[in-house]
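# Chains, contacts and geometry: an overview
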Amino acid sequence: MANEDDRLVFEVNGQRFELPEVDPSTTLLHFLRSQTSFKSPKLSCAEGGCGACVVVLSKFDPVLNRAENFSVSSCLTLLCTINGCSVTTSEGLGNSRDGFHPIHRRFAGFHASQCGFCTPGMCMSLFSAISAAESSGGPPPPPGFSKLTVADAEKAISGNLCRCTGYRPIVDACKSFAADVDLEDLGINSFWRKGDSMEVRSRQLPAYSPKDHACLNDDPSSYVRREARRLNSGKHSWFTPASIAELQELLQLDSAGNAGRVKLVVGNTGNGYYKETERFDKYIDLRYIRELSVVRKDAFGVEFGAALSISKVVMYLKREGKSRVDPVFDKIADHIEKIASPFIRNSASLGGNLVMAQRKDFPSDIATLLLAVGSSVVLLSGRNREKLSMEEFLSRPAMDAKDVVLTVSIPFLEPSRIDGSIETSSRLLFKTYRAAPRPLGNALPYMNAAFLADVSFGKDGRAYIDSVKLAFGAYGAKHATRAKKVEDYLAGKMVTVEVVDEAIKLAKDAIVVPEETSHAAYRSSLAVGFLFEFLNSFSGINSAISPASDSNGSFPEGAGKSIIDTPSIRLQNSTILSSAKQVVESSSDYYPVGEPMIKSGSAIQASGEAVYVDDIPSPPNCLHGSFIYSTKPLARVKAISLDSREPADVAAVITAKDIPAAGKNIGSMSVFSSEPLFAEEITRFAGDLVALVVAETRKSANQAAESAQIEYDTEGLDPPILTVEEAVERSSYFQVPPFLYPAEVGDFSKGMDSAEHKILSAEIRLGSQYYFYMETQTALAIPDEDNCMTVYSSSQCPESAHRVIAKCLGVPDHNIRVLTRRVGGGFGGKALKSIPIAVVCALAAHKLRRPVRIYLDRKTDMVVAGGRHPMKVTYSVGFKSDGKITALRLDILINAGITEDISPILPHNVIGSLKKYNWGALSFDIKVCKMNHSSKSAMRGPGEVQGSYIAEAVIEHVASFLLMEADAVRIRNLHSFDSLKLFHGSISGEASEFTLPYIWDKLAGSCNLGQRVATIEEFNASNVWRKRGISRVPVVQAVIMRPAPGKVSILWDGSVVVEVGGIELGQGLWTKVRQVTAYALASIKCDGLEDLVEKVRVVQADTLSLVQGGFTAGSTTSESSCAAVRLCCNELVERLKPVKDQLQKQRDGVKWNDLILQANTTGVGLAVNSMFAPDPSSISYLNYGAAVSEVEVNILTGATTILRTDIVYDCGQSMNPAVDLGQVEGAFVQGLGFFMLEEYLSNPDGLAAVDGTWNYKIPTIDTIPKQFNVEILNSGHHQKRVLSSKASGEPPLLLAAAVHCAARAAVKAARKQLERWGCVDGIEQTFHLDVPATMPVVKRLCGMDAVETYLKMLSRVDKKG
Ligand SMILES: Cc1cc2nc3c(=O)[nH]c(=O)nc-3n(C[C@H](O)[C@H](O)[C@H](O)COP(=O)(O)OP(=O)(O)OC[C@H]3O[C@@H](n4cnc5c(N)ncnc54)[C@H](O)[C@@H]3O)c2cc1C
Ligand code: FES
Ligand code: FES
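Cut-off values and rules
Residues numbered from 1 in each chain as written. Chains lettered and ligands numbered in written order. Predicted model: local features only at pLDDT ≥ 70, side-chain atom pairs only at ≥ 80, totals over all residues. Heavy atoms only, no water. Helix = DSSP H or I, 4+ residues; strand = E, 2+ residues; numbered from the N terminus. Rg over C-alpha atoms; globule rule 2.2 N^0.38 Å. Buried < 20%, exposed > 50% of the residue type's maximum accessible area, 1.4 Å probe, protein only. Contact = heavy atoms within 4.5 Å. Pairing = 2+ DSSP bridges. Near = heavy atom within 4 Å. Polar contact = N/O pair within 3.5 Å; in protein donor to acceptor, adjacent residues only side chain to side chain. Areas by Shrake-Rupley, 256 points an atom, 1.4 Å probe, with all protein chains shown as cover. Phe/Tyr/Trp six-rings, centres within 6.5 Å; stacked < 30°, edge-to-face > 60°. Lys NZ or Arg CZ within 6 Å of the ring centre and 35° of its normal. 1 Å grid on protein atoms, 1.4 Å probe; cavity = no way out; pocket = protein on both sides within 12 Å on 5 of 7 lines; lining within 4 Å. Points joined across faces, edges and corners; volume = space filled by probe spheres on them. Nonpolar A, V, L, I, M, F, W, Y, C, P; charged D, E, K, R; others polar. Expected span 1.5 Å × (residues − 1). Arc of directions from axis to C-beta. Disulfide = S-S within 2.5 Å. Core = buried A, V, L, I, M, F, W, Y, C linked by side-chain atoms within 4.5 Å. Salt bridge = Lys/Arg side-chain N within 4 Å of Asp/Glu carboxyl O.

## Focus on the overall build of the protein chain
Counting its secondary structure elements, the protein chain contains 40 helices and 45 strands. Taken against the 2.2 N^0.38 rule, which gives 34 Å for 1361 residues, the C-alpha radius of gyration of the protein chain at 32 Å falls within 12% of a compact globule. Taken along its principal axes, the extent of the C-alpha atoms in the protein chain is 105 × 90 × 80 Å. Expressed as a percentage of the 1361 residues in the protein chain, the buried residues total 65%. Put simply, of all contacts in the protein chain between residues at least 6 apart along the chain, 78% involve residues at least 24 apart.

## Description of unusual backbone geometry
Backbone torsion omega between Tyr-591 and Pro-592 reads 5°, so that peptide bond is classified as cis. Topologically, Pro-592 is positioned in the loop between strand E19 (579-584) and helix H20 (602-607). Cis geometry is adopted by the peptide bond preceding Pro-1332, which originates at Val-1331 and carries an omega value of 0°. Mapped onto the elements of the fold, Pro-1332 is located in the loop between helix H38 (1297-1316) and helix H39 (1335-1343). A positive phi angle is found at Arg-849, which is not glycine, with a value near 55°. With respect to the helices and strands, Arg-849 occurs in the loop between helix H25 (835-848) and strand E33 (852-855). On the accessibility criterion, Arg-849 (54% relative accessible area) is exposed.

## Structural notes on the sheet that holds strand E8 (residues 262-265)
Strand order in the open sheet formed by four strands is E6-E7-E9-E8, and the pairing between neighbours is mixed. In this open sheet, the two edge strands, each paired with only one partner strand, are strand E6 (230-231) and E8.

## Things to note about the site of ligand 1
What surrounds ligand 1 is a group of 35 residues, the closest being Leu-264, Thr-269, Ser-349, Asp-365 and Arg-434. One of the backbone N or O atoms of Asn-268 is found 2.9 Å from an oxygen atom in ligand 1. A distance of 3.3 Å is found between an oxygen atom of ligand 1 and a side-chain nitrogen or oxygen belonging to Arg-359. Out of a free accessible area of 960 Å², ligand 1 has 97% covered by protein chains.

## Topic: the environment of Lys-493
Summarising the element assignment, Lys-493 is placed in the loop between helix H16 (484-490) and helix H17 (497-510). Separated by 804 residues in the primary sequence, Lys-493 and Ala-1297 place their C-alpha atoms 48 Å from one another. Apart from the residues within four sequence positions on either side, Lys-493 is in contact with Ala-463, Tyr-464, Ile-465 and Val-499.

## A short note on the packing of aromatic side chains
All told, the structure shown has 42 aromatic pairs when counted by the stated rule. Each ring, one from Tyr-273 and one from Tyr-274, has its centre 4.8 Å from the other, and the planes form 90°; the classification is edge-to-face. Among the aromatic side chains, those forming a connected cluster through ring pairs are Tyr-433, Phe-451, Phe-472, Phe-530, Phe-534 and Phe-538. Positioned above the aromatic ring of Phe-1019 is the side chain of Arg-1028, whose terminal nitrogen or guanidinium carbon lies 3.8 Å from the ring centre.

## Structural notes on empty space enclosed by the protein
Taking a probe equal in size to a water molecule and rolling it over the atoms shows the remaining empty space. Going through the model one piece at a time under the given rule, you end up with eleven cavities of 30 Å³ or more. Estimated volume of the largest cavity: approximately 220 Å³. Lining the largest cavity we find 20 residues, and of these Glu-675, Leu-689, Lys-833, Pro-836 and Val-864 sit closest to its centre. Considering only residue class, the lining of the largest cavity consists of nine nonpolar, six polar and five charged. Here the second largest cavity is characterised by a volume of approximately 90 Å³. Ala-108, His-111, Ser-113, Gln-114, Lys-599, Ser-602, Gly-1066, Gln-1067, Ala-1218, Val-1219, Gly-1222 and Gln-1223 are the residues that line the second largest cavity. Ranked by the residues each element gives to the lining of the second largest cavity, the list is headed by helix H36 (residues 1217-1237), at four residues. Looking at the lining of the second largest cavity residue by residue, the class counts come to three nonpolar, eight polar and one charged.

## Some remarks on helix H33 (residues 1069-1081)
Between the first and last C-alpha of H33 there are 18 Å, a value that for 13 residues agrees with the 18 Å anticipated at 1.5 Å per step. Judged by how many residues are buried, H33 sits mostly within the fold: twelve of 13 residues are covered. Within the span of H33, buried status applies to Leu-1069, Trp-1070, Thr-1071, Lys-1072, Val-1073, Arg-1074, Gln-1075, Val-1076, Thr-1077, Ala-1078, Ala-1080 and Leu-1081. If you follow the buried residues of H33, they end up packed against strand E38 (1044-1050), strand E39 (1056-1060), strand E40 (1096-1098), helix H34 (1117-1146), helix H35 (1152-1161) and H36.

## Section: helix H29 (residues 966-973)
For H29, the set of buried residues is Ala-966, Val-969, Arg-970 and Asn-973. In an axial view of H29, the angular spread of the buried residues amounts to 105°, which keeps them on one side of the axis. Of the surrounding secondary structure, the elements contacted by the buried residues of H29 are strand E35 (885-897), helix H28 (944-962), helix H31 (996-1006), strand E37 (1026-1040) and H38.

## A closer look at the state of the cysteines
For the structure on display, the rule yields zero disulfides. Cysteine Cys-174 shares no disulfide, and the gap to the nearest cysteine sulfur, in Cys-123, comes to 8.2 Å. Of all cysteine sulfurs in the structure, the one in Cys-841 sits closest to Cys-808, which takes part in no disulfide; the separation is 12 Å. In this structure Cys-808 comes out as buried when scored by relative accessible area, which is 0%.

## Looking at the side chain of Gln-605
As for its placement among the helices and strands, Gln-605 is situated in helix H20. A polar contact is formed between the side chain of Gln-605 and the side chain of Ser-113, at a distance of 2.6 Å.

## A look at the side chain of Thr-81
With respect to the helices and strands, the residue Thr-81 is situated in the loop between strand E4 (66-73) and strand E5 (86-88). The residues touching Thr-81, leaving out its near neighbours within four places in the chain, are Lys-59, Trp-238, Val-266, Asp-285 and Arg-287.

## Brief notes about the nonpolar core
By size, the foremost hydrophobic cluster in this structure holds 321 residues, and its most contacted members are Phe-107, Leu-890 and Trp-919. With eleven residues, the single largest contributor to this core is H36. Once residues within four sequence positions are removed from consideration, Trp-919 is found in contact with Ile-885, Thr-886, Ala-887, Leu-888, Leu-914, Ala-951, Val-954, Ile-955 and Phe-983. Judged by nonpolar contacts, the second largest core, of 49 residues, contains Val-1056, Ala-1124, Ala-1159 and Met-1215.

## Some remarks on the environment of Asn-384
With respect to the helices and strands, Asn-384 occurs in strand E13 (residues 384-389). By relative accessible area, Asn-384 is classed as partly exposed at 44%. The sequence separation of Asn-384 and Glu-1190 amounts to 806 residues, and the corresponding C-alpha distance is 59 Å.

## Looking at the sheet that holds strand E25 (residues 682-683)
Read across the sheet, three strands follow the order E25-E21-E27 without closing on themselves; strand pairing throughout is antiparallel. Bordering the open sheet on either side are E25 and strand E27 (709-713), each of which pairs with just one other strand. Judged from the two bridges that link them, strand E21 (residues 635-641) and E25 form a sheet pairing that is antiparallel. Bridge pairing in E25 places Arg-636 opposite Ile-682.

## Thoughts on the environment of Val-724
You can see Val-724 is positioned in helix H22 (residues 724-729). For the pair Val-724 and Pro-870, spaced 146 residues apart in the sequence, the C-alpha separation amounts to 9.5 Å. Excluding residues within four positions of it along the chain, Val-724 makes contact with Arg-765, Lys-872, Leu-893, Ile-894, Asn-895, Cys-929 and Met-931.

## Observations concerning the pattern of salt bridges
Going through the model one piece at a time under the given rule, you end up with 68 salt bridges. Taking the shortest distance from any N to any O, the salt bridge between Arg-482 and Glu-391 comes out at 3.5 Å. With Arg-482 in strand E18 (residues 481-482) and Glu-391 in helix H15 (residues 390-395), the pair connects residues that are 91 residues apart, well separated along the chain. Take Glu-391: its relative accessible area is 29%, and that puts it in the partly exposed class. Salt-bridge contacts for Arg-482 lead to Glu-487; the nearest nitrogen and oxygen are separated by 2.8 Å. Residue Glu-487 is classed as buried on the basis of its relative accessible area of 5%. Residues joined by salt bridges that share partners form a network here, namely Arg-33, Lys-42, Asp-614, Asp-615, Arg-698 and Arg-853.

See the structure below:
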C-alpha cells in the first residue's frame, strides 16, 4: 500500500481523487474518459492540434503564491503532472441539472454549435481566456461582461478546430463576453431582435459575473499543495525532485547502473509530435525544481528557468519589453505567441522546445529567435554545468537523455556605433518572420527567421549596416542556422540594390533546403523574401522603383517603411474576423417553422453532456479493436505477426476467416455494389483492412496493431493501377447505369464551328479532400440473447449498417439493432464509410461473446476514409470574341478507388453543377476508373464541387485568352430561364423560381462590386508585394428528395416523441423536425399550444423501432424527414378532431393536455408511423446562390488572406434561418478548405501520407474571411417544396470557388507586374492555379524568384538613370 506521499491527489469538478497506483504514461484525457463520468473533453486528434480535449487546470503557483487557471490539452497532459491540481471540464462549469454556465448559454444562443463535438473544448478555451483576463488587473468591466478584449476573445479559440460552423458564430459567442465589444457587431442570436436598443441587448445576454468561475477557487489554501517526491506505479515510477541536487541524485543512480531508462518531463506536449509509445522506468517531472521555474534578471539580461511554460515566458517578455521599451523582447513574445495554441503554450516549456530542436531536429521557432539574439543555455550533464551559446548548443551532438537544460538567457541588446568617421544615428533593428498556413499559429512554419541589425543612418538618410545576425530555421535542416557569410558580407555596407542582390545570392548558397524536404524550392524562396523584406524595411527599396532613384543604386532618402507584413505580423493587433453581417428573411406562414430557434441540444453539447458513441460507458468486459491495414496497393498477404513484446492482453486477431459460415465477407454496400470487410488472400489497395486486433484496452489494441508486421508477396500479380492514365490503359472502369449518365446538350461540332476562338485540350487536375469530422469513425457492439446484437454506430445510414451486419454475421435482419443518437460530424464520410466499423465490431463481439468497441485513431481514420474523388479533366472550348461560349467538351477521368461505393453518380453530379452556365453545346465523356486506391466516397457536394469548379476554370481560361474580366465572361454565359430549361430540363421549375439573376445583381449591389473592382486596381497599382483580387461566382445545384419515414407519438402528459429516418449530424435536422411537428399538430387548434415546440423531443434513430430509415445525405433529409413527420401529425390531428369536437360540446375551450388525456382514455391511437414518398414530378429541384470574395496575396510568401466574402443564398422559405445560415457559412468554410488549404496527399503506393493535424490543415478562425456577410434570401412560396423550403447543406460549399478565383485574379496581377519587370519566362496570363491554392502553389505562380527579378529591374533602371 502506497503511503500518503506516494499518492496522486487531485480534483475534477470538485470531486476528489486519490490514486495510489498510476501508470505514468496515462494521460489526463484517458483518465477522465475512462475513470470518471466527465465525458465533455473529447478525443479527436490525440496530438494537441484540435482543442477537443481542452480542460482548465487550476494550480497553485508557489512563486506567485496564488492559484492560476489555464487551459491545457488533456490528451497530452500526463495524469501524474496534475498532482495537487484541480481540473474543470465543461460540465463542471455548468450543466443541465445545476444550470448552464453563461458560456454554454451564449454558445447555444449564438447558434455556435452544430455537431457539437468541438463545443466543450471551445467553451473551456474561452473560459480560460476569460479567467486570465479577470486576473490581469485593470478597470472593472461593465456589468454582465468580463475583462476580456475582443481581440483576446478571438485568439482564445485560435487553436480549436471546428469542422461544422465556419467559426463566425463561435467568435460571436466569445466576443459577447468582451468588455470592449460593440453588440452591434454580433450576429444573429436568440437573445435580441433586430432593432433592440443596446441596453436591451446587453440585458438579454445571459449575464456573466466573475463568480461564474465555478469550481475554481482563488483561495490558495483550498488547493492541495502536494509536492510528492515519488509516485509509485510498480515498475514505472514518477519522480518530482524539488532541487537540482535531488535531480542529480536521481540521474546519478541511473549512471551507477541501478535503474533503466529515464524520461524527463515537463508539459509532455512533445509527445504530440513524436508520439512515443516507449515506456520508461523513471519519469522525472522537472517543474518542482525552483531554479527551472523562475525568472532572474540582471544588468545583462533575463534568465528563464527551462521548465517555464511558453505562456509564462511570453508574459515576462511582454512585461520586460514594456518596462524597458525593448522591441526585441516584444517581438520575440509576439512571435512565440504563434507557437501552437494557448492550451499548448500553457503547458509546453521553453526548455522542452529547445531540447526537441537540439535532440530531434524539431523545426522550432524559439531556437531560431534565440539564435539571432545571442541567447545562451545552461546545460547540466552529470555534475557538470556548462554555459553554451545557442549556436554551440544546437550544433553539438544530440543531448543525452539525462542531460538537463536548466536555464535559457536572453541578453539585453544595445546598439553599437560604427566608427565615428561619419555622423550617424544608430538603430537596433530586430524582425522575425514566420510563413505558415495559419497566421495565428497551430501550424508549423515552412520557414522562420529572425534578423538583428545594428544600422546607422548617415545625414544623407542612407542606411549602413554596422553588424547583423541572420538566423533561419524550420526549413528542413537539422537545426536553425546563422547565415554567417551573408552577415560578414553585409557588415559595414551601405544598403544598395547591388548589396541586397549580392546578399540574396549569398543567402541562397547559405540556406540550403535539403532536397527531401517538402516544397524545397518554395522554402528557399522564403529565405530570399524574408531577407529582402528585412533589408528593405530600413532602406526602402520600394520607392527605388522610381526611375528617379539615386544613380548609385542606393535607396532613396526617407526610406524605411516596411513593404510587406508577413501574415502573422499583420494580424497581430487587428481582430481576426473584423466584421460579419447576416441578413435573414424569416417567414411566419408556418409558425413556429421559419423561426430562428436555438438548435436542439446545443446547451448540452456545450456543457459536454450530449452523448456521442464513445461517451457511452463501456459495458463490463468490453474489448477494444484496432485495425491492421495493408500498406501495399496490390499484394498477397502471406502472414501477419504481432510484436511479441507488445502487451499481452490481446484477446484475438479477427480476420476474414472469423466470419461465420452462414455469413459473408461484406463491409458495406451501396445500390451499386458491396465492399468486402477484410482483404482475404490479396489486399487490393493500401489501407485495405487485413485484420482487427481486439484487446482489453484501446491503448493495447492500438499498440498491438501498430506493431503488426505483414509479410507480402507480389509474385505473379499484375502491377497495381495507381493513376487514371493506367486505368485508361487497362480499361479499368466501373459501369455507370445509363439512366444515371447525364445527357449532353446541343451539337458540339456545330458549337465549335460557330466559335471565333478555341482552346483545345487544356488540362486540370483536382485532388481529394478528407472529411476531418472531429469525431472519427466509431461503434460499440453489444451481444444480446439469442444471437442478437445491438450496435451503437456513429453513422449517417444506420439502416444500411444494420443490413450489412446481418449479412456479415449470417443472421436475419431482426437479430440486429443499430442505434444512432448523434454524429460528431459526417459530411458524407459517415455514410458508407461508417459501416465497416460497425460491422467489424459486431463480428468481433459475435465471435468473442463480449462487447467490442472501436474508436479509430486519427491516422487510421485518414488511411481508410477515402474522401473526395480526385479527377483529371481535359477540356476544349469554343467561344466568341465577346466571351460567349459556344461549345464545351470535357473528358473526365474520375479516380473512384477499388469499389463503386457511390461513384457511379459522380458523372451526374459533376455535369449537373457544371451546367450552371450556358455553354451553348455541351459534350463529354466521363470515365469512372477502378483503381487500387481506397474507395472514394461521398463528401459534401460529391462531384458537384468539382463540376462547379471546372466551370469556373473554363470561364477563367476564356477570360484570360480574351484579356477580358472573368466577371464579364460569367455574365455573358449566365443562363436565361430558357437556356436553364434546355440544360436542366423539368427540374428548372417555374420561371419565378429562377432567382439567380436577381441574386447575382443584388449581390453586386450589396457588396459594392463595381467600386471595389476599381479600388483593387488602384491598390494593385500602388502596392508592389501585395496584390488583391475579387471574384463573383454563381451556384446552380440540383438536389434530389428521397423517401423518408417518420413516427410521432403523443404521451399521456401531452409531450411528443418523434422518430425520423434522418440522423442529426449537426445540420439541425432535429430542430426543423420539432418545428414542423409543432406546426402540424397545432392545426388541431386548441388551447395550450403556444409552447408545443418545447414539448417535442426527437429521439435517436433505432433501426428496429423505425424501419426504412434510409440514409442522411444530399441536403434533403431534413426536408423529407419533416415531410414524413407532417404526414404523421396530420393523421394524429385527424384522429384527435372527433375527440376535440366531443370535448368542445362539454366546455368552452379545449386544452391540449385535456385533449390528449381524453384521447388516451377513449383508446385513440396516439402513435403514427408514416412514409414520405416524394412526388416523382418534383423529386429534384435547383438551388441558387452567389458569392463575392476578395483576397490579398502576399507575393513574398504566397499567403492568401481572405479579406471579405459576401454570399446571397436562396433557401426558399427557410424552416429555420439560424440553422440554414449555419449550414451556408459552415459549408462555405469547408469549401475554402478544399480550394485553399487541404492537401490529402498519399505516397506512391496510394497510402495516405498525411496523418493528423500536423500535416492536414483545415480552416481555422484565422483563415476564414475577415469580413463575412451572408444573406439568406426568402424567395417566397414554392408550392412543390416542403413548406416552401429549399436545401442549404451542400450548395454553399461550391461557392468557395469564389475565393480561389479571387486568388487567381490577385496572382494574375502579380504576374502582370512580373512581366512589366522584364521577366519573360513562364508568365503567360493563362496559367492554372492548382486546387488547393496553398502558399507554395501561389508563390510559385507569383514568381519564385520575384525578388531577384525585381532587383534586376532596379539595376537596369539605375543603369539607365
Ligand atoms: C500542437 C503543437 C504545435 C506546436 N507548434 C510549434 C510551433 O509552431 N513552433 C515551435 O517552435 N514549437 C511548436 N510546438 C512544440 C512545443 O513548443 C513543444 O512541444 C514544447 O515546447 C515542449 O515542451 P514540453 O514541456 O511539453 O516538453 P516535453 O514534451 O515534456 O519534453 C520534450 C522533450 O524534451 C525533454 N526535456 C524537456 N525539458 C527538458 C529539460 N529542461 N532538459 C532536458 N530535457 C528536457 C523531454 O525529456 C522530452 O524528450 C508545438 C507543439 C504542439 C503539441
Ligand atoms: S484531442 Fe487533444 S488536442 Fe486534439
Ligand atoms: S460543431 Fe464544431 S466540429 Fe461540429
